[in-house]
Amino acid sequence: MTDKTAITPATHTTPPAAFSHGVKKGNILQVAGQVGFLPAVEGQPPTPAGPTLREQTLQTLANVHAVLEAGGATWDDVMMIRVYLTDVDHFAEMNALYNAYFEEQGLTAAPAARTTVYVGLPKGLLIEIDALAVLG
Amino acid sequence: MTDKTAITPATHTTPPAAFSHGVKKGNILQVAGQVGFLPAVEGQPPTPAGPTLREQTLQTLANVHAVLEAGGATWDDVMMIRVYLTDVDHFAEMNALYNAYFEEQGLTAAPAARTTVYVGLPKGLLIEIDALAVLG
Amino acid sequence: MTDKTAITPATHTTPPAAFSHGVKKGNILQVAGQVGFLPAVEGQPPTPAGPTLREQTLQTLANVHAVLEAGGATWDDVMMIRVYLTDVDHFAEMNALYNAYFEEQGLTAAPAARTTVYVGLPKGLLIEIDALAVLG
């Protein structure tokens, strides 16, 4: 019997329903869909880092990273990154931000796989990202 | 060599193509996208539990649960739940139904991670859910 | 410590960002979102197999298969296939192509689970597919 544990980074906003920002069981770590919310401030509703794709993409990646770290994982452990954008015209800019971010983090020889699709998101949000990691 | 087995709850409608409602291999169990179809009735086409988000959400969760159970898993084993809605305005109501459902099931200390996005679905369907579980 | 390795089929186009067409770690293999691009031709941009759903579906399945093979996996190892279409009216035709493809590949007793949703994709692309496999 392996324990499943919830991963709840201290700075994250409370999820809007009964789900965890991340869960870990055995060597599998799943990060829930993260958006560009700034660190939670007591008594304030979740607030995006800004209205732009740049601000939201960087904050979203930071939020995914915070869940990985709180679960004892790194980007190197990530197998799959799912990127949800709202606008096909954001693809090139998101890719540039994505590349710059991972270059700064230290690109690995085996970056995660990725799927990007274009969906609807709550008003004001331009990007959502989730991730699956295999540890060990 | 570990065997992959198909999971086919007795009451489920036949999938519209060559896929399984669930598959299990080793300690991994994947539930295919479930919608709010009522238990299959011989000779009748798949029929949603009703036109409302409430009816479809509860039936969809029951259908996911049926696959988990038929595969020897419980909600406690679920790592990730992907919720596909067709309308951003359904988010709050879906969350309320989701919370009530899992409270009734007995909330665990580590609920699954979740991603919710807004997509197109076949006419009449308002919600689709799939799930990844790790057993043992 | 298990090594994560990138899977890069020789014929595949270079990903438009820092991600891998596939990654493998331990017994888990993740295939990135594949579209209907023909094998890469030096100096030419990625080109879809054709404008039709039929051409793109068959090429996309071939591209997923190429990643599986390059990673030492087969369709039998695949647990989950995610199909992204742009048009609900394509569902029946995609299912027919999907069934014919897997029949030709030799249908297994336990086909993978699947989720199909309708999203936006870059102009000219009608289908995208990713896959999760468990080996061994």
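What counts and what doesn't
Residues numbered from 1 in each chain as written. Chains lettered and ligands numbered in written order. Predicted model: local features only at pLDDT ≥ 70, side-chain atom pairs only at ≥ 80, totals over all residues. Heavy atoms only, no water. Helix = DSSP H or I, 4+ residues; strand = E, 2+ residues; numbered from the N terminus. Rg over C-alpha atoms; globule rule 2.2 N^0.38 Å. Buried < 20%, exposed > 50% of the residue type's maximum accessible area, 1.4 Å probe, protein only. Contact = heavy atoms within 4.5 Å. Lys, Arg positive; Asp, Glu negative; His and termini not counted. Charge placed at Lys NZ, Arg CZ, Asp CG, Glu CD. Buried area = accessible area lost by both parts, 1.4 Å probe. Salt bridge = Lys/Arg side-chain N within 4 Å of Asp/Glu carboxyl O. Least-squares fit on C-alpha atoms with pLDDT ≥ 70 in both. Polar contact = N/O pair within 3.5 Å; in protein donor to acceptor, adjacent residues only side chain to side chain. Pairing = 2+ DSSP bridges. Axes fitted to C-alpha atoms, helices over the stretch in contact; angles between N-to-C directions. Phe/Tyr/Trp six-rings, centres within 6.5 Å; stacked < 30°, edge-to-face > 60°. Lys NZ or Arg CZ within 6 Å of the ring centre and 35° of its normal.

1. Some remarks on the overall build of chain A
- Along chain A, the regular secondary structure elements total two helices and six strands.
- For 136 residues, the compact-globule estimate of 2.2 N^0.38 gives 14 Å, and chain A sits close to it at 15 Å.
- Counting every position in chain A, which comprises 136 residues, the buried fraction comes to 55%.
- The long-range fraction of contacts in chain A, counting pairs at least 24 apart against all pairs at least 6 apart in sequence, stands at 69%.
- Across chain A, the centroid of the 7 positively charged side chains sits 8 Å from that of the 13 negatively charged ones.

2. Notes on the interface of chain A and chain C
- Between chain A and chain C, the residue contacts involve 29 residues of the former and 27 residues of the latter.
- Carbon and sulfur atoms make up 61% of the surface buried where chain A meets chain C, a total of about 2,200 Å² over both sides.
- Where chain A meets chain C, there are two salt bridges.
- Of the charged contacts in the structure, one is a salt bridge between Lys25(C) and Asp77(A), with a shortest N-O distance of 3.0 Å.
- Contributions of two or more residues to the side of chain A that touches chain C are made by β4 (78–85), α2 (91–105), β5 (113–118) and β6 (127–134) of chain A.
- Looking at the side of chain A that touches chain C element by element, the count peaks at six residues for β5(A).

3. Some words on the relation of the copies chain A and chain C
- At an RMSD of 0.0 Å, chain A and chain C line up after a rotation of 120° and a shift of 0.0 Å along the axis. Such a combination of rotation and displacement between the chain copies is what one expects of a three-fold axis. Closest approach to the rotation axis among the C-alpha atoms of chain A is made by Val119(A), whose C-alpha sits 3.2 Å away.

4. What about the side chain of Asp77(A)?
- In this structure, Asp77(A) sits in the loop between α1 (53–70) and β4.
- Exposure remark for Asp77(A): the relative accessible area of 9% places this residue in the buried category.
- Within polar-contact distance, the side chain of Asp77(A) engages the side chain of Lys25(C) at 3.0 Å.
- Apart from residues no more than four positions distant in its own chain, Asp77(A) is found in contact with Leu132(A), Ala133(A), Val134(A), Leu135(A), Lys4(C) and Lys25(C).

5. Description of the sheet that holds strand β2 (residues 22–25) of chain B
Residues and elements named next belong to chain B.
- Spatial strand order, β1-β2-β3-β6-β4-β5: six strands in an open sheet with mixed pairing. Bordering the open sheet on either side are β1 (4–7) and β5 (113–118), each of which pairs with just one other strand. Across this sheet, the average inter-strand angle for adjacent strands is 10°, counted without regard to direction.
- In this sheet, strand β6 (residues 127–134) lies alongside strand β4 (residues 78–85) in antiparallel orientation, the contact comprising seven bridges. Paired with isoleucine 81 across the strands is alanine 131, a residue of β6.
- Each of β1, β2, β3 (28–34), β4 and β6 touches helix α1 (residues 53–70); the most contacted strand, β6, lies at about 25° to it.
- Each of β4, β5 and β6 touches helix α2 (residues 91–105); the most contacted strand, β5, lies at about 150° to it.

6. With respect to the packing of aromatic side chains
Residues and elements named next belong to chain A.
- The final tally for this structure, using the stated rule, is 15 aromatic pairs over all chains.
- Between phenylalanine 91 and tyrosine 118 the ring centres are 6.5 Å apart and the planes differ by 75°, which places this aromatic pair in the edge-to-face class. Highlighted residues: phenylalanine 91 in helix α2 and tyrosine 118 in strand β5, separated in sequence by 27 residues.
- With relative accessibility at 22%, the residue phenylalanine 91 sits in the partly exposed group.
- When the ring of tyrosine 101 is compared with that of phenylalanine 102, the centres are 5.1 Å apart and the planes differ by 90°; the resulting orientation is edge-to-face. Here tyrosine 101 matches phenylalanine 102 in class, with each residue buried.
- Among the aromatic residues, ring-to-ring pairing joins Trp75, Tyr98, Tyr101 and Phe102 into one connected group.
- One residue, arginine 114, lies across the ring of tyrosine 98, its end atom 4.5 Å from the ring centre.

Bear in mind that shape data such as this cannot, by itself, settle questions of function.
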